[in-house]
Amino acid sequence: MRQKLLRDGASELSYEIRGIVKKAEQLEQLGYEILWENIGDPIQKNHKLPEWMKDIIAGLLYEDNTYGYSHSKGVLSTRQFLADLNNKRDGVQIGAQDITFFNGLGDAIQKIYQYLLPTSRVIGPSPAYSTHSSAEAAHANHHPMTYKLDPDNSWYPDMDDLYNKVKYNPSIVGILIINPDNPTGMVYPKHILQRMVDIAKEFNLFLICDEIYMNIIYNGAETCTLAEVVGDVPAISLKGISKEFPWPGARCGWAEYYNRTSDTEFSRLCDTIDNAKMIEVSSTKLPQLSIPRIMQDDRYPQFIAETKEKIGRRSAYLNEVFKDVPYVKFNQTNGAFYNTMIFEKDVLKEGQKLKIDDPKVQALLDNWLDSTTMTQDKRFVYYLLAAKQVCIVPISSFASDLLGFRLTLLEEDEELIAKTFNRIKEGVIEYCESV
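None of these values were measured; they are calculated from a predicted model.

Trainee: Is there a simple way to think about the layout of surface pockets in this case?
Mentor: Using a probe with the size of a water molecule, rolled over the atoms, empty space left in the structure can be pinpointed. Roughly 420 Å³ of internal volume is contained in the second largest pocket. What lines the second largest pocket is a set of 15 residues, and nearest its centre among them are Leu116, Ser120, Glu265, Phe266 and Leu269. Looking at the lining of the second largest pocket element by element, the count peaks at 5 residues for helix H8 (residues 264-279). Across the lining of the second largest pocket, the residue classes tally to 9 nonpolar, 3 polar and 3 charged.

Trainee: Even after reading the chapter, I still don't get the nonpolar core, so can you show me in this structure?
Mentor: A general trend in soluble globular proteins is that nonpolar side chains are found buried together. Judged by nonpolar contacts, the single largest core of 74 residues is most densely connected at Phe405 and Val428. In terms of nonpolar packing, the next biggest core, distinct from the first, is built from 59 residues, Trp52, Val197, Leu226 and Ala235 among them.

Trainee: Help me out: how do you make sense of a nonpolar patch on the surface in this one?
Mentor: A contiguous nonpolar surface patch, about 430 Å² in accessible area, is contributed by Leu61, Tyr62 and Tyr67. Turning to its location among the elements, Leu61 is positioned in the loop between helix H2 (51-60) and helix H3 (76-87).

Trainee: Can you walk me through the sheet that holds strand E8 (residues 235-240) in this structure?
Mentor: Hydrogen bonds between backbone groups are what pair the strands of a sheet, and the pairing can be parallel or antiparallel. Spatially, 8 strands are ordered E2-E9-E8-E7-E6-E3-E4-E5 in an open sheet, and the strand pairing comes out mixed. Looking at which strands have only one partner, the edges of the open sheet turn out to be strand E2 (99-102) and strand E5 (156-157). In the sheet, strand E3 (residues 121-126) pairs with strand E4 (residues 146-150) via 3 bridges, with the strands oriented parallel. Bridge pairing in E4 places Ser126 opposite Lys148. Most of the contacts of helix H4 (residues 105-114) go to E8, to which it runs at about 160 degrees, and overall it touches E2, E3, strand E6 (172-178), strand E7 (206-210), E8 and strand E9 (253-258).

Trainee: Honestly, empty space enclosed by the protein in this entry has me stumped. Any pointers?
Mentor: Under the criterion given, the structure shown has 2 cavities of 30 Å³ or more. Its volume calculated, the largest cavity comes out at about 100 Å³. If you trace the largest cavity, you find 14 residues lining it, with Pro42, His47, Thr307, Ile311 and Leu410 closest to the centre. Its residues assigned to classes, the lining of the largest cavity comprises 7 nonpolar, 2 polar and 5 charged. Of the voids in this model, the second largest cavity is the one considered here, and its volume is about 80 Å³. Contributing to the lining of the second largest cavity are 14 residues, with Gly124, His132, Ser133, Met145 and Leu176 lying nearest its centre. At the level of elements, E3 and helix H5 (130-140) are the ones that each hand at least two residues to the lining of the second largest cavity.

Trainee: Got a minute to help me understand the side chain of Asp161 in this structure?
Mentor: Take Asp161: it is sitting in helix H6 (residues 159-167). Exposure remark for Asp161: the relative accessible area of 15% places this residue in the buried category. Here the side chain of Asp161 touches Lys148 through a polar contact of 2.9 Å, landing on its backbone nitrogen. Contacts of Asp161, omitting those with residues within four sequence positions, involve Thr146, Tyr147 and Lys148.

Trainee: Which parts of the structure should I look at to understand the pairing of E4?
Mentor: Note on strand geometry: in a regular strand, side chains alternate between the two faces of the sheet. Here E4 runs beside E5; their pairing, made up of 2 bridges, is antiparallel. Its bridge partner being in E5, Leu149 is matched across the sheet by Pro157. Counting the residues in the hairpin turn of E4 and E5 gives 5 residues, including Ser154, whose phi is positive at 60 degrees.

Trainee: What is the right way to look at the pairing of E3 in this model?
Mentor: With respect to burial, E3 is a largely interior element, 6 of its 6 residues being buried. Relative to E6, E3 runs parallel, the two sharing 3 bridges. Residue pairing in the sheet places Val122 in a bridge with Gly174 of E6.

Trainee: Sorry, what's going on with the packing of aromatic side chains here?
Mentor: The relation between two aromatic rings is expressed through the spacing of the ring centres and the mutual angle of the planes. Applying the stated criterion across every chain, the model contains 16 aromatic pairs. Judged by centre distance (5.8 Å) and plane angle (40 degrees), the rings of Phe206 and Phe266 are tilted. Of the two residues, Phe206 sits in strand E7 while Phe266 sits in helix H8, which places them 60 residues apart along the sequence. Look at Phe206 and you get buried, because its relative accessible area is 8%.

Trainee: Is there a simple way to explain the packing of H3 against helix H9 (residues 285-295) in this structure?
Mentor: Packed helix pairs are specified by the crossing angle of their axes together with the interaxial distance, meaning the distance between the axes. Between H3 and H9, the least distance of the axes is 9 Å, while the angle of their chain directions is 45 degrees. One way to sum up the angle between H3 and H9 is to call them oblique. Here the hand of the crossing between H3 and H9 comes out left-handed. Residue-level inspection shows Thr78, Phe81, Leu82 and Leu85 of H3 in contact with H9, the latter providing Gln288, Leu289, Ile291, Pro292 and Met295. For the contact of H3 with H9, the residue count by class is 7 nonpolar, 2 polar and no charged.

Trainee: Can you help me understand the environment of Ala387 in this one?
Mentor: If you trace the backbone, Ala387 turns up in helix H12 (residues 376-388). The spatial distance from the C-alpha of Ala387 to the C-alpha of Thr340 is 21 Å, given a sequence separation of 47 residues. With residues up to four places along the chain from it excluded, the contact list for Ala387 reads Leu354, Lys355 and Ile356.

Trainee: Got a minute to help me understand H12 in this structure?
Mentor: Given 3.6 residues to a turn, an α-helix orients residues that are three or four positions apart in the same direction. For H12, spanning 13 residues, the distance from its first C-alpha to its last is 18 Å, which sits close to the expected 18 Å at 1.5 Å a residue. Burial runs high along H12: 11 of the 13 residues are buried. Gln376, Asp377, Arg379, Phe380, Val381, Tyr382, Tyr383, Leu384, Leu385, Ala386 and Lys388 are the residues of H12 that are buried. The first or second residue beyond H12 is Gln389, which carries a positive phi of 60 degrees.

About the thresholds
- Residues numbered from 1 in each chain as written.
- Predicted model: local features only at pLDDT ≥ 70, side-chain atom pairs only at ≥ 80, totals over all residues.
- Heavy atoms only, no water.
- 1 Å grid on protein atoms, 1.4 Å probe; cavity = no way out; pocket = protein on both sides within 12 Å on 5 of 7 lines; lining within 4 Å.
- Points joined across faces, edges and corners; volume = space filled by probe spheres on them.
- Helix = DSSP H or I, 4+ residues; strand = E, 2+ residues; numbered from the N terminus.
- Nonpolar A, V, L, I, M, F, W, Y, C, P; charged D, E, K, R; others polar.
- Core = buried A, V, L, I, M, F, W, Y, C linked by side-chain atoms within 4.5 Å.
- Buried < 20%, exposed > 50% of the residue type's maximum accessible area, 1.4 Å probe, protein only.
- Patch = residues over 30% accessible without salt bridge, like charges linked within 9 Å, V, L, I, M, F, W, Y side chains within 5 Å.
- Areas by Shrake-Rupley, 256 points an atom, 1.4 Å probe, with all protein chains shown as cover.
- Salt bridge = Lys/Arg side-chain N within 4 Å of Asp/Glu carboxyl O.
- Pairing = 2+ DSSP bridges.
- Contact = heavy atoms within 4.5 Å.
- Axes fitted to C-alpha atoms, helices over the stretch in contact; angles between N-to-C directions.
- Polar contact = N/O pair within 3.5 Å; in protein donor to acceptor, adjacent residues only side chain to side chain.
- Phe/Tyr/Trp six-rings, centres within 6.5 Å; stacked < 30°, edge-to-face > 60°.
- Parallel < 35°, antiparallel > 145°, perpendicular 65-115°, else oblique.
- Left-handed = near helix turned anticlockwise from the far one by under 90°.
- Expected span 1.5 Å × (residues − 1).

Quick look at the structure:
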């Protein structure tokens, strides 16, 4: 081309969660059935919306108002409902004007980071959810800036690591929290959230808290919303219905601005995000209209309780399957629906492999492995996909120097979840014992 087209940060826009799908699809073309563990899509894992919820959504199709634009910030009545929901908690109070809808949280995340100065950094957890880490790194034209989650301490944040990185990196303007966490399934205790708020206050930072899994907590874990501890610190909470109803295809998420007017620069950021949404006109209206009707239905609390109970059972089953595997370590999942397993030190070695009988599959794998920079956990993940037809994601793709993989707790079919977990277990043992 006449000139360079892309800025340096474009190379940071990677998403292995979906990237590995292209390889799995090559196996499908050879006639293999894939067990999909790469992405948190409950619908793909045989979750069915209850009929009463479908009836509410279908009923909206008969209302003429459904077919028009919404307000640029989202349907006013829904925003007021969500503001009231927040205000019932003993925390920061907001109004409908403090909420903006987006076409999924991916849309919100891109807009938040897009307009920050490249020199203004938001530090996030590692392992990191790829949508956040890639967007932050792309805006900064640099690798993501992260604080450590400790696998030997229930995946809780290393608070000394966070504090020192904030203290000695004046470019940091914000802290990202994901609670419950993706990819680890960790739930932040209230005292840790409070400490993170205190750090933000001490160094005059803002907070971003991705709380899309806030209503999916089990095994007796306890936390609180950011609104309950944020005090007067400026912050953005990100929420949605993709995981909770679940309706990921709706692409419906929203941002709640806390203490929007407490800081001039933060207020300008919120205004800029809203203006970007205004230029886009509005987000998808149908799912917005459904939110108050579904969440206020008498059947909704029981639906959420049953969802949490089922995922909690799968968490316990995963622990049972992997409890005697010496090559990986992991923590019990208490929130969201993921588990991150880390290979023990020095377990992964050059030359390890899984048996593959089909020469066509071996040829595909040889092509996938044609890289001198591939991490050892990605190599294992590709072997597992080729040999066992299970599609998982390497932890090194979550902005982490740890080696491991993420799997989900979503499969509703008990036979399929048993098959999946046991194939992964067999793959780990065979791979680690192959040399």
